[in-house]
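Coordinate analysis (summary)
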Amino acid sequence: MSDSTPTSTPAPAPSSAPPSTPAPSTATDEAVRAELTRLRDSIDNIDAAVVHMLAERFKCTQQVGVLKAEHQLPPADPAREARQIARLRELAESAKLDPAFAEKLLNFIIAEVIRHHETIADGTR
C-alpha cells in the first residue's frame, strides 16, 4: 500500500540580497555602446591633435635650442618659464581645467625642452 499523505516541498529560504533590477533592454545597451564609441572617437581625435601640437611645439623649441647654443645662452630661462607657467595656469582656469594639472604638464614639457637644449649645446661645444 502506498502512503496517500501528500508530501510537501520545503519553502525556499528567504534571500538577503536586494531584488534584482531588470537587465537593460538591448536597445539601451546599443545606445550606450554607440554613445561610448562616439565619445571615445572624439577623445582619440583630441589625443592625435595633442600629439601633433606637441610635435610642432618641439620643432620650435629645437630651433630655440640651436639659437641658444650658437650664442652661448643657457639652456634654461627661469624667468620665461615662470611667465609661461603663470600664463598657462590662467588659461587652464578659464578653460575649467585644474591649474595645478596644467602646471605639472608644462613643467614636464619644459624639463624635456631643457634636456634637448642641453643636448644641442653639448653638440656645439
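I will try to describe carefully the structure that is included in this document.

A few words now on the environment of Val 66. For Val 66, the location among the structural elements is in helix H1 (residues 26-70). Judged by its relative accessible area of 37%, Val 66 is partly exposed. Spatially, the C-alpha atoms of Val 66 and Ile 120 are 6.4 Å apart, while their sequence positions differ by 54 residues.

It is worth spelling out the pattern of salt bridges at this point. For the structure on display, the rule yields four salt bridges. Among the ionic pairs, Arg 38 bridges to Glu 35, the shortest N-O distance being 2.7 Å. Of this pair, Arg 38 and Glu 35 both sit in helix H1, three residues apart, which is roughly one turn of that helix. Taking the relative accessible area as the measure of exposure, Arg 38 reaches 44% and is therefore partly exposed.

Close contact between H1 and helix H3 (residues 99-124) brings their axes to 9 Å; oriented N to C, the two are set at 40°. As far as their axial angle goes, H3 and H1 are oblique. As for the relative orientation of H1 and H3, their crossing is right-handed in sense. Contacts between H1 and H3 involve Leu 54, Arg 57, Phe 58, Thr 61, Gln 62, Val 64, Gly 65, Val 66, Lys 68 and Ala 69 from the former and Leu 106, Ile 109, Glu 112, Val 113, His 116, His 117, Ile 120, Ala 121 and Thr 124 from the latter. A class-by-class count of the residues in the contact of H1 with H3 yields 10 nonpolar, six polar and three charged.

Calculation notes
Residues numbered from 1 in each chain as written. Predicted model: local features only at pLDDT ≥ 70, side-chain atom pairs only at ≥ 80, totals over all residues. Heavy atoms only, no water. Helix = DSSP H or I, 4+ residues; strand = E, 2+ residues; numbered from the N terminus. Buried < 20%, exposed > 50% of the residue type's maximum accessible area, 1.4 Å probe, protein only. Salt bridge = Lys/Arg side-chain N within 4 Å of Asp/Glu carboxyl O. Axes fitted to C-alpha atoms, helices over the stretch in contact; angles between N-to-C directions. Parallel < 35°, antiparallel > 145°, perpendicular 65-115°, else oblique. Left-handed = near helix turned anticlockwise from the far one by under 90°. Contact = heavy atoms within 4.5 Å. Nonpolar A, V, L, I, M, F, W, Y, C, P; charged D, E, K, R; others polar.

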